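What follows is the residue order along each chain.
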Amino acid sequence: MADTAADPSAIDLSALESELLNDVAKAMDLGALDAVRVSALGKKGRISELMAKLGAMPADQRKAFGQAVNNVKAAVSEALDQKKATLEVAALAARLANEHSDITLPVRVGPEAQGRIHPVSQVLDECIEIFADMGFKVAEGPDIESDDYNFTKLNIPAEHPARQEHDTFYLKTKPGSNAAPLVLRTHTSPVQIRTMLGQKPPIRIIAPGRVYRCDSDQTHTPMFHQIEGLVIDETTHMGHLKWVLEEMCKAFFEVDTVTMRFRASHFPFTEPSMEIDIDKGALGKPGEWLEIGGCGMVHPNVLRNCGLDPETYQGFAFGMGLDRMAMLKYGIPDLRPFFAGDLKWLRHYGFSILDQPTLGGGLSS
Ligand code: PHE
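Residues numbered from 1 in each chain as written. Predicted model: local features only at pLDDT ≥ 70, side-chain atom pairs only at ≥ 80, totals over all residues. Heavy atoms only, no water.

Taken as a whole and judged by the stated rule, the model has nine aromatic pairs. Relative to phenylalanine 318, the ring of phenylalanine 131 lies with its centre 5.5 Å away and its plane at 25°, an arrangement referred to as stacked. Here phenylalanine 318 lies in strand β10 (residues 314–321) and phenylalanine 131 lies in helix α6 (residues 119–133), a separation of 187 residues in the sequence. With relative accessibility at 2%, the residue phenylalanine 318 sits in the buried group. Note on phenylalanine 338 and tryptophan 345: the rings are 5.3 Å apart at their centroids and 50° apart in plane angle, and the pair reads as tilted. Considered together, phenylalanine 338 and tryptophan 345 belong to a single accessibility category, that of buried residues. Put simply, the rings of Phe131, Phe136, Phe316 and Phe318 touch in pairs and so form one group of aromatic residues. Positioned over the ring face of phenylalanine 252 is lysine 329, at 4.8 Å from the centre of the ring. (Phe/Tyr/Trp six-rings, centres within 6.5 Å; stacked < 30°, edge-to-face > 60°. Helix = DSSP H or I, 4+ residues; strand = E, 2+ residues; numbered from the N terminus. Buried < 20%, exposed > 50% of the residue type's maximum accessible area, 1.4 Å probe, protein only. Lys NZ or Arg CZ within 6 Å of the ring centre and 35° of its normal.)

A negative phi angle characterises most non-glycine residues, just as the trans form characterises most peptide bonds. Here proline 201 and proline 202 are connected by a cis peptide whose omega angle stands at 5°. By the element assignment, proline 202 lies in the loop between α9 (190–198) and β5 (203–212). The omega angle of the peptide bond from glutamate 271 to proline 272 is -5°, so this bond is cis rather than trans. Relative to the elements of secondary structure, proline 272 occurs in strand β8 (residues 270–279). Residues other than glycine seldom take positive phi values, yet glutamate 254 does so here, at roughly 55°. Relative to the assigned elements, glutamate 254 resides in the loop between α10 (238–253) and β7 (260–267).

A few words now on the pattern of salt bridges. A complete count under the given rule lists 16 salt bridges for this structure. A salt bridge links lysine 153 to aspartate 148, with the nearest nitrogen and oxygen atoms 2.8 Å apart. Between arginine 263 and aspartate 277 there is a salt bridge, and its shortest N-O distance comes to 2.8 Å. On the criterion of sequence distance, the pair formed by arginine 263 in strand β7 and aspartate 277 in strand β8 is long-range, its members being 14 residues apart. Shared partners join several salt bridges into a network, and the residues in it are Arg261, Arg263, Glu275, Asp277 and Glu291. (Salt bridge = Lys/Arg side-chain N within 4 Å of Asp/Glu carboxyl O.)

Moving on to the site of the ligand. Taken together, 14 residues form the shell around the ligand, and within it His187, Ser189, Arg213, Gln226 and Glu228 come nearest. Interatomic distance of 2.9 Å between a side-chain N/O atom of serine 189 and a nitrogen atom of the ligand. At 2.9 Å, a side-chain N or O of arginine 213 approaches an oxygen atom of the ligand. A total of 330 Å² of accessible area belongs to the ligand in isolation, and the protein chains cover 91% of it. Taking a 2 Å distance to the grid points as the criterion, the majority of the atoms of the ligand fall inside the largest pocket. (Near = heavy atom within 4 Å. Polar contact = N/O pair within 3.5 Å; in protein donor to acceptor, adjacent residues only side chain to side chain. Areas by Shrake-Rupley, 256 points an atom, 1.4 Å probe, with all protein chains shown as cover. 1 Å grid on protein atoms, 1.4 Å probe; cavity = no way out; pocket = protein on both sides within 12 Å on 5 of 7 lines; lining within 4 Å. Sits in = over half its atoms within 2 Å of the grid points.)

Quick look at helix α2 (residues 30–41) now. Here α2 contains twelve residues, and its C-alpha end-to-end distance of 16 Å stays within 8% of the 16 Å for a straight helix at 1.5 Å per residue. For α2, every residue scored as buried is listed here: Leu33, Val36 and Ala40. Taken end-on, α2 shows its buried residues confined to a sector of 55°, consistent with a single buried face. Against α1 (13–26), α3 (46–53) and α4 (59–98) lie the buried residues of α2. Where α2 begins, the side chain of aspartate 29 points an oxygen toward the backbone nitrogen of glycine 31, at a separation of 3.1 Å. (Expected span 1.5 Å × (residues − 1). Arc of directions from axis to C-beta. Contact = heavy atoms within 4.5 Å.)

With that settled, consider the nonpolar core. By size, the foremost hydrophobic cluster in this structure holds 40 residues, and its most contacted members are Cys127, Phe131, Leu245, Phe318 and Met320. For this core, the element with the most residues is α10, which contributes seven residues. One finds Ala162, Ile203, Ile232 and Tyr313 within the second-largest nonpolar core, a separate group that totals 21 residues. (Core = buried A, V, L, I, M, F, W, Y, C linked by side-chain atoms within 4.5 Å.)

Put simply, the largest pocket is a space of about 910 Å³. What lines the largest pocket is a set of 38 residues, among which Arg213, Phe224, Gln226, Phe267 and Glu291 lie closest to the centre. For the lining of the largest pocket, the secondary structure elements donating two or more residues are α8 (161–165), β6 (223–233), β7, β8, β9 (289–298), β10 and α12 (322–330). The greatest single-element share of the lining of the largest pocket, amounting to six residues, is contributed by β9. (Points joined across faces, edges and corners; volume = space filled by probe spheres on them.)

Turning our eyes to something else, we now look at the pairing of β9. Of all ten residues that make up β9, eight are buried, and the element is covered over most of its length. Relative to β9, β8 runs antiparallel, the two sharing eight bridges. Of the residues in β9, the one forming a bridge with methionine 274 is cysteine 295. By the bridge criterion, five bridges tie β9 to β10 in an arrangement that is antiparallel. Bridging from a neighbouring strand, glycine 294 pairs with glycine 319 of β10. (Pairing = 2+ DSSP bridges.)

Functional significance is not addressed by these values, which are geometric in nature.
Dropping the structure here:
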């Protein structure tokens, strides 16, 4: 027997070819066929190994032998391709014969249809949709706020009685440190300051977010949500404020008319200041007033604290309780379960994530 390891030209190429072609013919599925391909043409395949030995052959033999190996390779490759095409057609035919879909079955409910949007998120999305339509942008500020932005720049100096009304959570400062004190913001009004310090008028923003007060009963929780509004330019007046809030309430409660009452009040950062009441008539209880927030014309001191000249600039601000608005609109009696993480409650009061609030398609459904 010839020593093919030492002399590859001694190998019977036609026997190799018919052996490999026979293997191809016997392969009954794509997996088996691929195994044949690897055994012949893979890195360590029998044809590849012959090719690798060409370099070591005497030049006079190399050309003829190389040609012959190439012919085998071409024949085997072609057979592999043809067989692959045949097997693929057969595999597809088998799938078509065996698989059928029953198109009369209902659509399977995926996890996204089971999830629920929390009423506060729903009401927030509704408010953003309404205010965006009026040209407001959404601004944000941190939950941990400086005492300066939460109080002082809003015209509430140290020792002002309004500080006591807010039941503030103060953050501990390191003993001996003279770093400025930090608080959990007691309202979203510091975002007014951040906005006026950060951009020039005209300003038209809303600022929704979490606020914190050390208070807890059926209608108060230590953390709740507000939505702040701020408009500053050279001509905005109280008529605009009332119009914006009225349009907002009509859109929010999805009614054609609302009766509102602006009750004189006091906030250090607005002058004049008003409490916003709406008549519950829109909700089927005429004659009962409900307070939904505070508002007023931005106090000249606040404008000055933010580097704006009150002789040139003026505008209004408002702040409303998002949780209260959710309770009112969706008839939720108690505030505490809003933050209890109870799935049963959420399934009852929550909203489908597939129903995005839009003015055109309806805010709630
Ligand atoms: N920040 C006030 C509060 O939390 C509400 C408010 C905002 C009043 C803006 C007037 C203007 O009670």
